[in-house]
Amino acid sequence: PKITFKMFCKWYNVNSSEGLVKVQGLGEKEIAEKLSEADISWVRPERIKTPFGYYTPDFKCSGIFLEVKGTRTLMMLLGKSSMLDSAKKDWARDINDISYKKMVWLLEETKKPFIIYINDSDNDSKYFKNFPLAEIKKNLKGFKIFYGKSEIQKCLDFIKNYNINK
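Residues numbered from 1 in each chain as written. Predicted model: local features only at pLDDT ≥ 70, side-chain atom pairs only at ≥ 80, totals over all residues. Heavy atoms only, no water.

A. Here's a closer look at the packing of aromatic side chains. Evaluation of the coordinates by the stated rule reveals five aromatic pairs. Plain terms: the ring middles of Phe146 and Phe158 are 6.1 Å apart, the flat faces sit at 55° to each other, and that makes the pair tilted. Highlighted residues: Phe146 in strand S8 (residues 144-147) and Phe158 in helix H7 (residues 152-165), separated in sequence by 12 residues. We classify Phe158 as partly exposed; its relative accessible area is 25%. Members of the aromatic cluster, connected to one another through ring pairs, are Phe65, Tyr100, Phe114 and Phe143. The ring of Phe59 carries Arg44 above its face, with NZ or CZ at 5.9 Å from the centroid. It is Arg47 that lies over the ring of Tyr54; its NZ or CZ is 3.7 Å from the centre. (Phe/Tyr/Trp six-rings, centres within 6.5 Å; stacked < 30°, edge-to-face > 60°. Helix = DSSP H or I, 4+ residues; strand = E, 2+ residues; numbered from the N terminus. Buried < 20%, exposed > 50% of the residue type's maximum accessible area, 1.4 Å probe, protein only. Lys NZ or Arg CZ within 6 Å of the ring centre and 35° of its normal.)

Written as structure tokens, this is what we have:
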């Protein structure tokens, strides 16, 4: 049987060029605020039908999709680890790459840059030591990867330069 679950993640309101927009979790909130501060227009895209089910990217900035992932979530969708090995609930122990398949499908369909920003919060960074960035990039061929707060400005510059050069 298919297991369905709800993730209980806090939602935040962030100002954008479109007005007040809800974003999910602190990682998305931080990126949304940085995009707005950098005068980069962004929206929460509508859900997209893929062969693997519906998918809603976190952000769309002038044609570029931007997904914010915590390290544990990223490892889970790449099939490297469950979200919580010691979890009492099955869904948190499962390794599920459906979200990853949806992202790959969208990348191949649009032929435009697709950014994955990997959040390096204190809670997530302890999981990262067993999964080096080089291995993540090898597993995420085709995606533009930015890891952590030290690369937020590089991510913003990439988006701005894409918009200038297209």
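B. Structural view of the pattern of salt bridges. Tallied over the full model, the rule gives five salt bridges. One salt bridge in this structure joins Lys149 and Glu30, with 3.9 Å as the shortest N-O distance. Placement of the pair is Lys149 in the loop between S8 and H7 and Glu30 in helix H1 (residues 25-37), with a sequence separation of 119 residues. The class of Lys149 is partly exposed, set by a relative accessible area of 44%. (Salt bridge = Lys/Arg side-chain N within 4 Å of Asp/Glu carboxyl O.)

C. Representation of H1 within the structure. Here H1 spans 18 Å end to end across 13 residues, near enough to the 18 Å set by a 1.5 Å rise per residue. Buried within H1 we find Gly25, Gly27, Glu28, Glu30, Ile31, Ala32 and Leu35. Downstream of H1 by a residue or two, Asp39 has a phi angle that is positive, lying close to 60°. (Expected span 1.5 Å × (residues − 1).)

D. Inspection of the environment of Met76 at higher detail. Of note, Met76 is situated in helix H2 (residues 71-77). Met76 sits in the buried class, given a relative accessible area of 13%. C-alpha separation for the pair Met76 and Tyr100, spaced 24 residues apart in sequence, amounts to 9.5 Å.

E. Quick peek at the sheet that holds strand S6 (residues 64-70). Strand order in the open sheet formed by four strands is S5-S6-S7-S8, and the pairing between neighbours is mixed. If you trace the sheet from one side to the other, it starts and ends with strand S5 (59-61) and S8, each paired once. Across this sheet, the average inter-strand angle for adjacent strands is 25°, counted without regard to direction. As paired strands, S5 and S6 are joined by three bridges and run antiparallel to one another. By the bridge assignment for S6, Phe59 is matched with Leu66. (Pairing = 2+ DSSP bridges. Axes fitted to C-alpha atoms, helices over the stretch in contact; angles between N-to-C directions.)

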